[in-house]
Structure formats: structure tokens, C-alpha cells
Amino acid sequence: MRAPAIVYAADPPAARIAVALDALVAVYHRPSGVTHLLAAPSPELLDALADGPADAATLRDRLAARYDLEGDADDRITATIDARMEEMIVAGLAWTT
Amino acid sequence: MRHALAVRVGPVGFRIGSAWPSPVAASRALYQGYPAPEDGIPDLTVRLYPERPWRRWLRPSVAIGGDYWLPDAAPLPLAQALLAAEMGMNLQVALGWRRHLLLHCSAVERDGRVLLMSGASGSGKSTLATLLALSGWRFLGDEFAFVSLGDGTIYPFPRAASLKNEAVAAVRAAGGIVGPVLEATPKGTIGYWRPPADAVARMAEPAPPKLLLFPRFGEAERIEAMAPSETFVRLTQASTNYVALGQAGFSALTRLVQGVPALTIGYPDSAAGLAMVERLWREA
Amino acid sequence: MAQDCDKPEKSPGESDAAALGVAGRRGVLMLGAVAATSVVTIRPALASTAASVLNCKIPIPDPAHAGQYITQDGRLVAAGTKDAVAPPPRPITGDEAKKMINGQSPAGFDPSSREAYVNYIRRLQHGTSGFTCYASLQVPRP
């Protein structure tokens, strides 16, 4: 039986201060006081979680509603989203519910 | 402590206490003409003390402490007590100051704007700042730049510049007076240069930054622009209080890297370095 | 995977960013490769910038274990143990430690003991005498 998809969550946008420096966005995470530098699509993924916890497929749909995603196959996109979310979990910016 | 000196440098009022008279006497001479701490109340205290009671007399050895302290610090022989006092002041500021964002940079001012130079020991930031001050720039400091958390202006911290090894000769060659000179310190030969009276008189006058350089002494001439994100990361490594300042530090540092262009410059010798700095300043 | 960031291995502005471009604001979101890194966490070694203003030393071994010998891989054993080296005659300074780690043999220490001392230093943990000094050297762990 296929394992259920991982559901991700993050603090609301007000918990972060984001400043775009160049291709990288400096993000101050208020609850932890830790500063991170994020490259696309991570800042956008965090913002997309503002509508509530979501798995990679749902996040893909939320991103597609706002942006023109690169023409990759859907499952490659969700694999990429899972990889980015995993990074952000390690960094303390997101978690799984 | 038996011997004490109170002196203000830029925003910081220091009290230096010592078990021996010589470090206080040497500091008093080096900082002659500097004001007292505001309202007579020091912000930070430096303590120079013997690690063991008998080390006050037997092979006298100066341990460095004060309000803030680091483990593993090595004491210095009494002959180098002025270095201990200087290190003590740096240590207290590095660990204890929260009113500005601190960057390990030298700073000089011209036409109301500030040039910041960031780098480790040996990069040339102190030597370049001193040589620029000898050619008409206002000296704001060679160790720490104090960045205002409110508006990003740079506040002077004009301690005596500490020049290492060959830099002593380079500054003397340019007409600067270097003394006292301490030999065989853990960092080699160190000579102290007193900032000009103008720098001392105007120590409370900030100015906004215009250019940030990362100098690399002893390399072939080159100039490389540094992206804001890389500048941001390097400056977090060059700051002793970025993390402790939290959101205020983040805002101050992002404001700085967004508003001030940053360049890495390689230069083979001081003359080349000075010429490059003057040219880049005009073009910035 | 998030990277600790005492010294960035490469400029964050370089290859990943060039491929990814500026996200979102112009409508196109570049997702990048699955294996790319998109998070760099700022963790400046506080000890390094503060300790750079101070001269530090590393006692080998720490005072609590004074007199013990050091094996070639940096562990402490009883004095006189075969193949272990005697401790140095005095604490080594931060500069001397850095030289030893970089393969040099500073004056005043037995060159054949260098490797044992370096491995001891690399094993130092937070809270042991000398750790702050070692951390301040910013020598990347192998």
C-alpha cells in the first residue's frame, strides 16, 4: 500500500521577516532568532503554507495558481518540493504534521 | 583594583583596572586627551590581574578579564601589559556591546561618508585606514565599526590603531608616529598609532557608509564585486554581536548590504592599495 | 540539506542562484534541481570572532587529566603507555595549534608528537579546556 504523502506546515508569514538581497532572500525567523538565506522556491513554499498545512502535491497546485512553474512533469515537481521542505525542516523553518 | 583609568572612546566609556601600575600608565599616555566616560559612568570594565596571586611578582603575568570573559585566554607578560589592556577593551566590546551592530572593520570618513574595510588580521585594514588618515581622511577606527541600529550610520570608535610587523615601518615611512612598540608578542611586533586630534575631537560624529571593501594584502591587483547575499554572510562572520541583536541586527545588516556596494580588492603593497581605494571611492 | 555556515564553501550568489533566477515576482518560479541546496543557515561561530581579539591557549591534556599521555589518534591514556606520546611542556597557543593542524612543526615541540596533539585537539568537546580556542581557529574539520 502506498505511504500517505507527508504533510508540511510552517509558521504564518508574520513570524518571518524576508528581505530579498539578490537571487537569495534573507529570512529572519522570529520564534528562533535564526537567520537563513533562501533561494527559490523555498520562500515561495513557506508563503504557500500560509493557507494551511499541505503535502507536496497541494503545494505544487498552490504555487501553480500564483506562478508559472517550469514545464516539468508533476511528479518531478513534487519530488523537488519534498526535497526543499526537508531542507527547511532541518533548518527549523517548517515541520511535518 | 589598585590602579585604574577611566576613558571614553566613541560611544563606549571604559574603566581599566589593574593590579600593576604600568598598564594603566601606558594606557593613560596612549589615550591622553580623550574624554572621560559620560557622566563619569563607565559602560564596560577591563580587569588586568594575576592568574595566581604570586604571579603579581614572580614572572609577572597579566590575565585579561572584566565584565565579560572568555575561557582559554592566555595571559601576557607584564612587559606587554599595554597589549593586554587593548585586548581587554576589544574583548569587552566584542562580548558586551549591544547598542550598535559591531563589525570587524576599519573605518575612515571623507566628505561626510564612510569607507568600511573588513578583514581578518593581516588583510591590511588597519594599515590602510591609518595611511588614509595620514592623507586627510578622518579616522573612525581600525578594529570595530559601530553601526547604528536606528539609521545605519557609522559611529566612530577611534582607539589607537594597532599596527603589526611591517605596517609599523610603512606608517612611519608615510610620516606617522608609531609608539610604543611591543616586540615578541603572540601576534609579532605591534606598534600603536595615536589618532589625530581631529579624530578624537569628533569621536561623537557619525556618518553614513558609502563603500565596503574586503582588502587582501599581498595579492596581484584585482577588483571583484561581491553580491549582497555573500556580503551579508561575510559580515555575519565579521560581527561579534549579530546573533545577540536578533531582529535589530538583521534589519541593520540587511539595510547595510542593500545600500552599500561591496568589493573585494587584492593589492600587492600599500601604495597600490591606497591608489585603488582613492579611485574606487571616486567611482562609487 | 541545510548547511552550517562558519565559512561558506562557495558564494551563495553563484551557480544555484544563477540557475534559479529571481523567483516569483516576475511570474516565473524556477524550481531547480531536486538535489540543489536552497537553504543556508547563518550560524556564525561567536567564539571565533570574539576570540580573534584575544590570545588563546590549549592545554594538552586539560588540567583535569594532567600528566596523561596522548595516543596517536588523540585519546588520553595512562602515562608511559606504549606508543603514546608525552604531553607538551606547556599549553600550546592558538597560533601554534593552527600551524600543527596545517602540517607544520612549531619550535618547542617534539615534531613526532604533532599528529597525536592535532588529533587530541580535533577531539575537543564544548566545555573542555581549549575548546573555545580551537573553535576560534576556524580550521575546517576533515
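Counting of residues starts from 1 at the beginning of each chain's written sequence and follows it residue by residue. Here the convention is simple: chains get letters from A, ligands get numbers from 1, in the order in which they are written. This being a predicted model, a pLDDT of at least 70 is required before a residue's local features are given, and a value of 80 or more before pairs of side-chain atoms are given or counted; all residues contribute to the totals for chains, interfaces and linings.

Here a helix means four or more residues in a row that DSSP labels H or I, a strand means two or more in a row labelled E, and each is numbered from the N terminus. Looking only at helices and strands, chain B features nine helices and 17 strands. Throughout, radius of gyration means the C-alpha value; the globule benchmark is 2.2 Å times the number of residues raised to the power 0.38. Here the C-alpha radius of gyration of chain B, 18 Å, is about what a compact globule of 284 residues would show, namely 19 Å. For chain B, the spread of C-alpha atoms along the three principal axes comes to 55 × 45 × 35 Å. Our exposure labels follow a C-beta count within 10 Å of each residue's own C-beta, placed from the backbone: buried means 20 or more other C-beta atoms, exposed means 12 or fewer, and partly exposed covers the counts in between. Looking at chain B residue by residue over its 284 residues, the buried ones come to 52%. Partitioning the intrachain contacts of chain B with sequence separation of at least 6 by distance along the chain shows that 69% fall at a separation of at least 24. Contact between two residues is assigned whenever their backbone-derived C-beta positions fall within 7 Å.

What follows deals with the interface of chain A and chain B. Taken together, the contact pairs 11 residues of chain A with 11 residues of chain B. At three residues, the largest contribution of residues to the side of chain A that touches chain B is made by strand E3 (residues 24-29) of chain A.

Moving on, we get to the sheet that holds strand E14 (residues 188-193) of chain B. Residues and elements named next belong to chain B. Only strands joined by at least two bridges in the DSSP assignment are considered to pair. Taking strand neighbours across the sheet as the criterion, the three strands line up as E12-E14-E13 in an open arrangement whose pairing is antiparallel. Among the strands making up the open sheet, the edge pair consists of strand E12 (161-164) and strand E13 (178-185). When the angles between neighbouring strand axes are averaged without regard to direction, this sheet yields 25°. Bridging between E12 and E14 involves four bridges; their strand directions are antiparallel. If you follow Ala161 over to E14, its bridge partner there is Trp193. In the packing of helix H2 (residues 81-96) onto the sheet, contacts are made with E12, E13 and E14, and the angle to E13 comes to roughly 100°. To obtain an axis, a line is fitted to C-alpha atoms, over the contacting stretch when the element is a helix, and the angle between two such axes runs from 0 to 180 degrees between their N-to-C directions.

In this section: the sheet that holds strand E15 (residues 209-217) of chain B. Residues and elements named next belong to chain B. Spatially, six strands are ordered E9-E7-E8-E15-E17-E16 in an open sheet, and the strand pairing comes out mixed. A single partner strand is all that each edge strand has here, and the edge strands are strand E9 (138-141) and strand E16 (222-225). Taken pair by pair, the neighbouring strands of this sheet meet at an average axis angle of 25°, ignoring direction. Here E15 runs beside strand E17 (residues 262-267); their pairing, made up of six bridges, is parallel. For Pro215, the partnering residue across the bridge sits in E17 and is Ile265.

Attention now moves to the domain arrangement of chain B. Residue and element names in this part refer to chain B. What the domain assignment reports for chain B is domain 1 (3-96) and domain 2 (101-283). Opposite the 16 residues of domain 1 that make contact, domain 2 presents 21 residues. Of all the secondary-structure elements, those providing two or more residues to the side of domain 1 that touches domain 2 are helix H1 (21-30) and H2. Counting residues per element, the side of domain 1 that touches domain 2 draws most heavily on H2, at eight residues. The residue inventory of the side of domain 1 that touches domain 2, partitioned by class, reads 11 nonpolar, four polar and one charged. The source of the domain bounds is an automatic or database domain assignment. In this count, Pro and Cys sit with the nonpolar residues alongside Ala, Val, Leu, Ile, Met, Phe, Trp and Tyr, while Asp, Glu, Lys and Arg are called charged and the others, Gly among them, polar.

An α-helical turn contains 3.6 residues, so a residue and the one three or four places further along point in the same direction. Of all 10 residues in helix H6 (residues 228-237) of chain B, 10 are buried; the element is thus mostly enclosed. Every buried residue of H6 of chain B is listed here: Pro228, Ser229, Glu230, Thr231, Phe232, Val233, Arg234, Leu235, Thr236 and Gln237 of chain B.

A few words on helix H3 (residues 74-91) of chain A. All names here are of chain A. Helices are assigned an expected span. That span is 1.5 Å times one less than the residue count. With 18 residues, H3 ought to run about 26 Å at 1.5 Å a step, and its terminal C-alpha atoms sit 26 Å apart, in line with that. Residues of H3 that are buried include every one of Ile77, Thr80, Ile81, Arg84, Met85, Glu87, Met88 and Ala91, and no others. Looking down the long axis of H3, one finds its buried residues gathered within 155° of arc, a one-sided arrangement. One or two steps after H3, the chain reaches Gly92, where phi turns positive at roughly 90°. Of all possible arcs, the one meant is that of the directions from the helix axis to the C-beta atoms.

Residue and element names in this part refer to chain B. Counting residues in hydrophobic clusters, the biggest one holds 142 residues, and the most contacted among them are Ala81 and Ala107. Per-element accounting of this core gives the leading share, 11 residues, to H2. Every residue in contact with Ala107, bar those within four places of it in the chain, is listed here: Val114, Leu115, Leu116, Ala129, Leu140, Gly141, Ala145 and Ile154. As used here, a nonpolar core is made of buried Ala, Val, Leu, Ile, Met, Phe, Trp, Tyr and Cys residues. They are joined through C-beta atoms within 7 Å.

Take the packing of helix H3 (residues 94-101) of chain C against helix H4 (residues 114-122) of chain C next. Residue and element names in this part refer to chain C. H4 packs onto H3 with a crossing angle of 110° between their chain directions and a minimal axis gap of 9 Å. Of the possible angle classes, the one that applies to H3 and H4 is roughly perpendicular. Handedness of the H3/H4 crossing: left-handed. The residues of H4 that touch H3, namely those facing Ala97, Met100 and Ile101, are Arg114, Tyr117, Val118 and Ile121. Just so you know how the angles are binned, under 35 degrees is roughly parallel, over 145 roughly antiparallel, 65 to 115 roughly perpendicular, and the rest oblique. Handedness of a helix crossing follows the sense of rotation of the near helix relative to the far helix, less than a right angle counterclockwise being left-handed and clockwise being right-handed.

Residue and element names in this part refer to chain B. Direction vectors running N to C along H1 and H2 enclose 70°, while the axes themselves pass 8 Å from each other. In terms of orientation, H1 lies roughly perpendicular with respect to H2. Counting all contacts with H1, which are made through Ser22, Pro23, Ala26 and Ser27, the residues of H2 involved are Ala81, Leu82, Ala84 and Ala85. Residue classes in the contact of H1 with H2 are distributed as six nonpolar, two polar and no charged.

By secondary structure assignment, the location of Glu205 of chain B is in the loop between helix H5 (197-201) and E15. Along the backbone, Glu205 of chain B and Glu109 of chain B are 96 residues apart, and their C-alpha atoms lie at a distance of 10 Å.

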